[in-house]
Amino acid sequence: FSLFSQVTCNCFTISNGEMQDVGVGLYPSMSLLNHSCDPNCVIVFEGSQLLLRSVREIQIGEELNISYIESLMPTSERQKQLMRQYCFKCDCLLCQNEQKDAEKLAGEEHAWKEVKDALNEMRYPKSKEEWEQVLTRCQNLLISNMDHLPDTNIYQLELLDYAMDACINLESWEEALHYGSRTLGPYRLYYPGFHPLRAVQLMRVGKLQYSQGIFPQALETLKQAYNIMKVTHGLEHSLMQALMEIKEQCEAVMRMQ
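Residues numbered from 1 in each chain as written. Predicted model: local features only at pLDDT ≥ 70, side-chain atom pairs only at ≥ 80, totals over all residues. Heavy atoms only, no water.

The chain appears in an unreviewed UniProt entry as [histone H3]-lysine(4) N-trimethyltransferase from Psilopogon haemacephalus. On record in UniProt, under Catalytic activity (unreviewed entry), the comment for the chain is "L-lysyl(4)-[histone H3] + 3 S-adenosyl-L-methionine = N(6),N(6),N(6)-trimethyl-L-lysyl(4)-[histone H3] + 3 S-adenosyl-L-homocysteine + 3 H(+)". (UniProt positions renumbered as here; feature names shortened; annotations may be inferred.)

So this is what it looks like as structure tokens:
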């Protein structure tokens, strides 16, 4: 039990290029890093290799920190998860000021609670039929709550992400772009500055714009992704290489027009 507890408290969730969870790993030196909901470093993976990247200027003697959890949650939910899994209460400025909590739970409470419950019931689909069911559920919720929830509500935002994923898996590119475009404003609000999740979302939307022949907008979106990803991932990361390749393709098309 002691060993299990140590692993639970010190392991890292390994993610793929699109920041989706694929496993867990122990990285003893990185376990020395303390937590902040507004960290000065982020962790990204290249396969199973862990990379620690600074996302803002760090002063000599300043402590390096990372976020142990998803910062998109409201303050109360972040505090509950930190206490449950790591047995401490965070006192960073983000938690002290409860910043952006009002935006995260904006809209009518009954509506976002309905969406939250629906999201908790959803399981990651394994077949086309299951993706179709997920998309239909997402579409119905988005339509019924059109006048009750703004896209900045975190559960509405997660629903848009789910709908976008479903459309991509069903190769409904135009509809995927519609949902993805709606997420960019909230992502900019909740992940300001340099954040890998925002970079990946911009890249995904940029690729969809490119596939739909919307080249000027695609190039602008891909440039935004590039400017963030060169900090969060570095120029040598395989995802950055893929981003530069499609960005160059888009630039080539633009030159020919």
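Still more ground to cover, so stick around.
Right, let's get into the packing of helix 6 (residues 128–144) against helix 8 (residues 173–190). One can describe the packing of helix 6 onto helix 8 by two numbers: an axis separation of 14 Å at closest approach and a directional angle of 50°. With respect to each other, helix 6 and helix 8 are oriented oblique. The two elements helix 6 and helix 8 cross, and the hand of that crossing is left-handed. Residues Leu135, Gln139 and Leu142 of helix 6 pack against Glu175, Tyr179 and Arg182 of helix 8. The class makeup of the residues in the contact of helix 6 with helix 8 is three nonpolar, one polar and two charged. (Axes fitted to C-alpha atoms, helices over the stretch in contact; angles between N-to-C directions. Helix = DSSP H or I, 4+ residues; strand = E, 2+ residues; numbered from the N terminus. Parallel < 35°, antiparallel > 145°, perpendicular 65-115°, else oblique. Left-handed = near helix turned anticlockwise from the far one by under 90°. Contact = heavy atoms within 4.5 Å. Nonpolar A, V, L, I, M, F, W, Y, C, P; charged D, E, K, R; others polar.)

The domain boundaries assigned to the chain delineate domain 1 (1–98), domain 2 (106–183) and domain 3 (191–256). Each of domain 1 and domain 3 has a C-alpha centre, and these two points are 26 Å apart. Facing the 14 residues of domain 1 at the interface are 15 residues of domain 3. Carbon and sulfur atoms make up 54% of the area that domain 1 and domain 3 hide from each other, which totals about 1200 Å². Along the contact surface separating domain 1 from domain 3 lie five residue pairs in polar contact (both at pLDDT 80 or more). (Domains from an automatic or database assignment. Buried area = accessible area lost by both parts, 1.4 Å probe. Polar contact = N/O pair within 3.5 Å; in protein donor to acceptor, adjacent residues only side chain to side chain.)

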